[in-house]
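In case you want the letters, here they are:
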Amino acid sequence: MRFRHPDGSIVHLSYCTNVHPAETLDGVRAQLRDHCEPVRRRLGRDRLGIGLWLARDAARALINDPAELRALRAELDSRGLEVVTLNGFPYEGFGADEVKYRVYRPDWTEPERLAHTTDLARLLAALLPDDVTEGTISTLPLAWRTPYATDPGAARAARAALTTLAQRLDALAELTGKSIRIGLEPEPGCTVETTADAIAPLTEVGHERIGICVDTCHLATSFEDPDTALDALTAAGIPVVKSQLSAALHAEHPHLPEVRTALAAFAEPRFLHQTRTSTAAGLRGTDDLDEAVAGGALPDSTPWRAHFHVPLHAPPAPPLTSTLPVLRATLARLVGGPVPLTRHLEVETYTWQALPAELRPRTRTQLADGIAAELTLARDLLVDLGLKELP
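Residues numbered from 1 in each chain as written. Predicted model: local features only at pLDDT ≥ 70, side-chain atom pairs only at ≥ 80, totals over all residues. Heavy atoms only, no water.

Right, let's talk about the packing of helix H4 (residues 111–127) against helix H6 (residues 154–176) for a bit. How two helices sit against one another is set out by the angle between their axes and by the gap between those axes. Where H4 contacts H6, the axes come no closer than 10 Å and their chain directions differ by 20°. Relative to H6, the element H4 is oriented roughly parallel. Where H4 crosses over H6, the two elements pack in a sense that is right-handed. The residues of H6 that touch H4, namely those facing Leu114, Thr117, Thr118, Ala121, Arg122 and Ala125, are Ala161, Thr164, Leu165, Arg168, Leu169, Leu172 and Thr176. Looking at the contact of H4 with H6, its residues break down into seven nonpolar, four polar and two charged. (Axes fitted to C-alpha atoms, helices over the stretch in contact; angles between N-to-C directions. Helix = DSSP H or I, 4+ residues; strand = E, 2+ residues; numbered from the N terminus. Parallel < 35°, antiparallel > 145°, perpendicular 65-115°, else oblique. Left-handed = near helix turned anticlockwise from the far one by under 90°. Contact = heavy atoms within 4.5 Å. Nonpolar A, V, L, I, M, F, W, Y, C, P; charged D, E, K, R; others polar.)

As structure tokens, then:
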């Protein structure tokens, strides 16, 4: 979906396909047929933006066979779909029964991460619509905090990899005329946990094609103030390459037994749900929601937030809620000013099938309805900020 900002530029809104498990090229094609096109039709749009997730095997298949890449581009066009951004965070296995810490490997100290991201950049340059010259890719924020923090060579290796990537992106732009930018996506528990953590390593790399992806669920989980975060990035000259529109799980009174019971329903075995609380002594947290719910690991006199991407249009029932207000405030800063701070927005609720059983969509139709409802909410927010939806 495209919108015209009051300054005349185009802002793109997509939804991320990592909600649909697919490791192979055939799986990606099935996503387009079974999910993406039905969502477009529900929205009544001739064109829908999708943020493709291409796992390693799917990406390699496209790199190794230019005919397959041309066929995928043609299929996107025929189904009324367009791609301006990729989710390059998960490498493989994101649809596994247990993902947890596996999603952080390989990290930016390992050559496989650089090779995969280079592949994605080449593919995105070929998949961009003819009238679009800029693409974006989100990636993991360097690494999970351990063993990175205790390895004296880790930061040096990651910086070297990002510097090499920047050089390859420059060469790709010269070859294709397409500018591909990469955004580190701060996430609780990682080396770059907050937007503030991103400033030093990105300043060291110091390249306009390497910036940050602001995920509003992660921002909220870490209790970051959107204005403070974005002001600091702007002052440091760090570009917001893209933003993922998502909402975290919020518990205002975690000391109450009924709140603990409600939270426990969201503790599940597939994904990691880092949980945080902001205290007078600073941010405190656990790596997963079940650790927090069990008691003793977190102080419970202040609100808790958990890294669980809840549907934007359907916050959980009381006594829980979501951090949709943080998303609204962040979006207002990102695109509500005289000039947009980013032009690529992506709805990224990948946890539909990890919701408590009574909240999960039971059919493809229900899932498509939910994704369409999220995109409708995001569209309405953009229109309210003065952007004009384009055909």
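Having put the structure on the table, let's press on.
To continue, consider the pairing of strand S7 (residues 210–215). Among the six residues in S7, six count as buried, and that is most of the element. Note that S7 and strand S8 (residues 240–245) share four bridges and pair parallel. Within the sheet, the bridge partner assigned to aspartate 215 lies in S8 and is glutamine 244. (Buried < 20%, exposed > 50% of the residue type's maximum accessible area, 1.4 Å probe, protein only. Pairing = 2+ DSSP bridges.)

The omega torsion across arginine 105 and proline 106 is -10°, close enough to zero to call that bond cis. In this structure, proline 106 sits in the loop between strand S4 (81–87) and H4. Omega for the bond connecting proline 318 with proline 319 falls within 30 degrees of zero, at 15°, which places this linkage in the cis form. In this structure, proline 319 sits in the loop between strand S12 (304–310) and strand S13 (320–322). Despite not being glycine, lysine 100 has its phi angle at roughly 45°, a positive value. Note on placement: lysine 100 falls in the loop between S4 and H4. For phenylalanine 223, which is not a glycine, the phi torsion comes out positive at approximately 55°.

Before going further, it helps to examine the state of the cysteines. Cysteine pairs can be covalently joined through their sulfur atoms, and such a bond is termed a disulfide. All told, the structure shown has zero disulfides when counted by the stated rule. In this structure cysteine 16 is a free cysteine whose sulfur lies 9.6 Å from that of cysteine 213, the closest cysteine sulfur available. Judged by relative accessible area, cysteine 16 falls into the buried class, the value being 2%. (Disulfide = S-S within 2.5 Å.)

Right, let's talk about the packing of aromatic side chains for a bit. By the definition in use, this model includes eight aromatic pairs. Seen from their ring centres, tyrosine 101 and tryptophan 144 are 5.2 Å apart, and the 85° between their planes marks the pair as edge-to-face. Residue tyrosine 101 is found in the loop between S4 and H4, and its partner tryptophan 144 is found in the loop between strand S5 (134–139) and helix H5 (145–148); the two are separated by 43 residues along the sequence. Classification of tryptophan 144 by relative accessible area gives buried; the value is 8%. Here a set of aromatic residues connected by ring pairs shows up, and it is made of Trp53, Phe94, Phe271 and Tyr350. Above the ring of phenylalanine 223, the side-chain terminus of arginine 305 is found at 4.4 Å from the ring centroid. (Phe/Tyr/Trp six-rings, centres within 6.5 Å; stacked < 30°, edge-to-face > 60°. Lys NZ or Arg CZ within 6 Å of the ring centre and 35° of its normal.)

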